[in-house]
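Structural features, examined
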Amino acid sequence: MSPIGNKRSLFRRVFGTIFAVALAVVVVLTVAGTAYLQRNLADVTRFELHDEAVTLASALDQTDDDIATIESLSLEGKRVTLVAADGTVLYDSEEPAEGMENHARRPEIAAALADGAGTSERSSSTLGEVMLYQAVRLDNGMVVRLAQEQDGFLAVLVSLAVPFIMLAIAVLCLSFIAARHFAATIIAPLQEVDLDHPRRNNDAVYSEMMPMLDRIESQRQELKQQMRALADNDRMRREFTANITHELKTPLTTISGYAELIAGGMVADEADLRDFGGRIHKEAGRLTSLVNDILTLSNLDEAERSELDGSASVLGSVEPVDLPRMLESIQQRLEQMASRAEVTIILDIQPAMVLGVPRLIDELAYNLASNGIRYNLPQGTVTLRCGIDVEDHPYIQVVDTGIGIAPEEQPKVFERFYRVDKSRSKARGGTGLGLAIVKHAAVFHNATIDLASELGMGTCITVTFPVQDLPEM
Ligand code: ADP
């Protein structure tokens, strides 16, 4: 679009401003100039008229027949009037003297009769023409008067109309050229702004633009962060989906393989049949744990989202949880598993209450305790501990004397499906989601997790809750 076509173009504004200012200057100068010119012209005419009147008077003083002398002179463009001492008009070069009224009261005549000479001026038309009068008394007592018309202000102005219009057109053209130039000069730094790196423009742009560029930069950074977070989320979601598919497929393949053998009558031996049935049962159990863990995680994800938009949690109601009683229950449920692994569970419990979702806190502690057993060594121990620390924070701590986690693996074990030793995890019925659930359950309760571990020595995981403000029971 052309710069003139666009109503809001910078060019239009610059052009409008320059033209308006220039035109105003031209108008003011023309008016002032006209007034000055008109004044000057009137002054010159007045002087000339005075000189001519004095010359005429001295000529008349030397003749006897004033009227004949006046008529013999050629005084072009001037009106000559001869007035008697009583004001009677004796002669006028433009009108018959008889029809003219007595002039004794005309200011220039009255002044000439009294003082020898007099001047005056009177407007004579709508265009502002003025009549200049100069009267001089003769030796014989009569008065001779010369009058000349002088262009008034409007008349001078009208006579200047053509140059004025030409000047206005010139101003219009010059304004157009100047506006093009200024608009381009003003726009140039704006067009050179590097919006991809707003802070690098410091010297190249107007200082007034810096706040705007700063805002663009901070919004760009925000956008970048959001894009990165979105990309991370997307990558994690895709990895999670791929992992779930893989994790679900493995037991299903095993189950369907054994089931096919049994259904096809390929297993004749009773002992084999029982063995296959056992394997199918074990894989089905693994599938159940996997689906349960995935459900819990998805509920935690949903809870985190709904906490953000203020809707109710999908995990259940928040209520006071008695940590010692909960650890006792976990010990009982894991007793069998522990004795199979030749691991002893030790309870070291102090009174502690936490306001939370009971099922989630139970799952958190259960996962830590079962890991303590599954990644332990025969004759090892798992200590389930709870209490209130010195800063009044309730905590749950699970300490084992197991295989430990290498320092470089420690940050990764809370990721979904991450296992240090995949075959060991699977052999012990792990889903790879236990610690991910622990992490999300802790986040949900605003708790922090501390992991301390040494290879071959054991692991200690502490979950510390915020100071509780529990309702009176
Ligand atoms: P899994 O179902 O495989 O146990 P988790 O998420 O509970 O999955 O744990 C992730 C990985 O962290 C485990 O596979 C294991 O390698 C390691 N891990 C977890 N707890 C312990 C522990 N107490 N001692 C040693 N390694 C552990």
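Going along each chain's sequence as written, the residues are numbered from 1 onward. pLDDT decides what is reported in this predicted model: residues at 70 or higher carry local features, side-chain atom pairs at 80 or more are listed and counted, and totals for whole chains, interfaces and linings draw on all residues regardless. With hydrogens and water set aside, each side-chain value is computed from the structure's full complement of heavy atoms.

Here we look at unusual backbone geometry
Leave glycine aside and you will find that most residues have negative phi; peptide bonds, for their part, are mostly trans. Rules: Where helices and strands are cited, they refer to DSSP runs of H or I of at least four residues and of E of at least two residues respectively, numbered from the N terminus. The cut-offs for exposure are 20% and 50% of the maximum accessible area for each residue type, with area from a 1.4 Å probe on protein chains only; residues under the lower value are buried, those over the upper are exposed, and the others partly exposed.
One non-glycine residue with positive phi stands out, namely E342, at about 60°. If you trace the backbone, E342 turns up in the loop between α8 (323–340) and β7 (344–349). Residue classification places E342 among the partly exposed positions, given a relative accessible area of 43%. We note that D392 has phi near 75°; this positive angle belongs to a residue other than glycine. Relative to the helices and strands, D392 resides in the loop between β9 (381–388) and β10 (394–400).

Thoughts on the site of the ligand
Rules: Whether a residue is near a molecule or strand is decided by its heavy atoms; if any one of them lies within 4 Å of it, the residue is near. Pairs of N or O atoms within 3.5 Å make up the polar contacts considered here, provided that, within protein, one atom can donate a hydrogen while the other can accept it, and that residues adjacent in sequence are counted only when both atoms are side-chain atoms. For the area figures, the Shrake-Rupley method with a 1.4 Å probe applies, and any residue is considered shielded solely by the protein chains shown. When residue character is reported, Ala, Val, Leu, Ile, Met, Phe, Trp, Tyr, Cys and Pro are called nonpolar, Asp, Glu, Lys and Arg charged, and the others, Gly included, polar.
In the region of the ligand, 20 residues are neighbours, and Y375, S425, T431, G432 and L435 sit closest. Measuring from an oxygen atom of the ligand, one finds a side-chain N or O atom of Y375 at 2.7 Å. Computed on the free molecule, the ligand has an accessible area of 520 Å², of which 97% lies beneath the protein chains in the complex. Those elements that provide at least two residues to the shell around the ligand are α9 (358–374) and α11 (434–444). Across the shell around the ligand, the residue classes tally to eight nonpolar, eight polar and four charged.

Notes on the sheet that holds strand β3 (residues 117–123)
Test applied: For two strands to count as paired, DSSP must find a minimum of two bridges between them. To define axes, lines are fitted to C-alpha atoms, for helices over the stretch in contact only, and angles between the resulting N-to-C directions are given on a 0 to 180 degree scale. The contact criterion used is simple: two residues touch if any of their non-hydrogen atoms lie within 4.5 Å.
Judged by pairing direction, the sheet is antiparallel, and its five strands sit side by side in the order β2-β1-β5-β4-β3 without closing on themselves. At either end of the open sheet lies a strand with only one pairing partner, and these are β2 (89–92) and β3. Taking the axes of each pair of neighbouring strands and ignoring which way they run, one obtains an average angle of 20° across the sheet. Pairing geometry for β3 and strand β4 (residues 130–137), over seven bridges, is antiparallel. Its bridge partner being in β4, G118 is matched across the sheet by A135. Those strands touched by helix α1 (residues 10–61) are β1 (79–83), β3, β4 and β5 (143–150), and its axis lies near 155° from that of β5. Relative to β3, helix α3 (residues 107–115) is tilted by about 175°, and along the sheet it contacts β1, β3, β4 and β5.

Brief notes about the packing of α9 against α11
Worth spelling out the cut-off: Crossing handedness: left-handed means the near helix sits turned counterclockwise from the far one by under a right angle, and right-handed means the same turn made clockwise.
The interhelical angle for the contact between α9 and α11, taken along N-to-C directions, is 145°, at an axis separation of 9 Å. Taken as a pair, α9 and α11 cross one another with a handedness that is left-handed. The residues of α11 that touch α9, namely those facing L360, E363, L364, N367, L368 and N371, are G434, L435, I437, V438, A441, A442 and F444.

Some words on the sheet that holds β9
On the basis of which strands lie adjacent, the open sheet formed by five strands has the order β7-β9-β10-β12-β11 and mixed pairing. Edge positions in the open sheet fall to β7 and β11 (448–454), since each of these has one partner strand only. Between one strand and the next, the sheet's axes are offset by a mean angle of 10°, whatever the strand orientation. By the bridge criterion, six bridges tie β7 to β9 in an arrangement that is parallel. Looking at β9, one finds that L347 is bridged to L384.

Some details on the UniProt feature "transmembrane region" (unreviewed entry) in the protein
Stated precisely, the cut-off is as follows: UniProt positions are given in the numbering used here, feature names are shortened, and annotations may be inferred rather than shown by experiment.
The sites that carry the UniProt feature "transmembrane region" (unreviewed entry) are, in the present numbering, residues 14–37 and 152–179. The span residues 14–37 carries 100% helix and 0% strand; its end-to-end C-alpha distance comes to 34 Å. With 93% helix and 0% strand, residues 152–179 has end C-alpha atoms that lie 38 Å from one another.

Description of α8
For the record, the criterion: Multiply 1.5 Å by the residue count of a helix minus one, and that product is the helix's expected span. Bend, in this description, refers to the angle at a residue between axes fitted to the seven residues ending there and the seven starting there.
Here α8 spans 26 Å end to end across 18 residues, near enough to the 26 Å set by a 1.5 Å rise per residue. Its axis deflected by about 50° at L334, α8 carries its strongest bend there. Within the span of α8, buried status applies to L323, P324, M326, L327, I330, Q331, L334 and A338. Those residues of α8 hidden inside the fold are in contact with β6 (319–322), β7, β8 (353–356), α9, β9 and β10. Downstream of α8 by a residue or two, E342 has a phi angle that is positive, lying close to 60°.

Observations concerning a nonpolar patch on the surface
Stated precisely, the cut-off is as follows: Residues enter patches when their relative accessible area tops 30% and they take part in no salt bridge; the joining distance is 9 Å for like charges and 5 Å for the nonpolar side chains Val, Leu, Ile, Met, Phe, Trp and Tyr. Salt bridges, as used here, are contacts in which a Lys or Arg side-chain nitrogen is within 4 Å of a carboxyl oxygen on Asp or Glu.
Taken together, the side chains of L10, F182, I186, L190 and Y206 present a nonpolar region at the surface, about 390 Å² in accessible area. If you tally residues by element for the nonpolar patch, the top one is helix α5 (residues 161–191), at three residues. Looking at where L190 falls in the secondary structure, it is placed in helix α5.

A few points about the pattern of salt bridges
Inspection of every chain in the model, using the stated rule, returns 22 salt bridges. The partner of R46 in a salt bridge is D43, and the shortest N-O contact between them spans 2.7 Å. In this pair, R46 and D43 both sit in helix α1, three residues apart, roughly one turn of the helix. Classification of R46 as partly exposed rests on a relative accessible area of 22%. Residues E108 and R145 are paired through a salt bridge, measuring 2.7 Å at the closest nitrogen-oxygen approach. Within this pair, whereas E108 is found in helix α3, its partner R145 is found in strand β5, the two being separated by 37 residues in sequence. The residues E108 and R145 share a single accessibility class, namely buried. Linked by salt bridges that have partners in common, R79, D92, E94 and E95 make up one network.

Quick word on the packing of α8 against α9
As a packed pair, α8 and α9 sit with axes 10 Å apart at the nearest point and diverge in direction by 40°. α8 and α9 meet at a crossing whose hand is right-handed. Counted together, L323, M326, L327, I330, R333, L334, M337 and A338 of α8 and I361, D362, A365, Y366, A369, S370, I373 and R374 of α9 form the full contact between these two elements. Here the contact of α8 with α9 is built from residues that sort into 12 nonpolar, one polar and three charged.

Brief notes about the side chain of T296
Looking at the secondary structure, you find T296 in helix α7 (residues 270–309). With a relative accessible area of 5%, T296 lands in the buried category. When neighbours within four sequence positions are excluded, T296 is seen to be in contact with R359, L360, E363 and I437.

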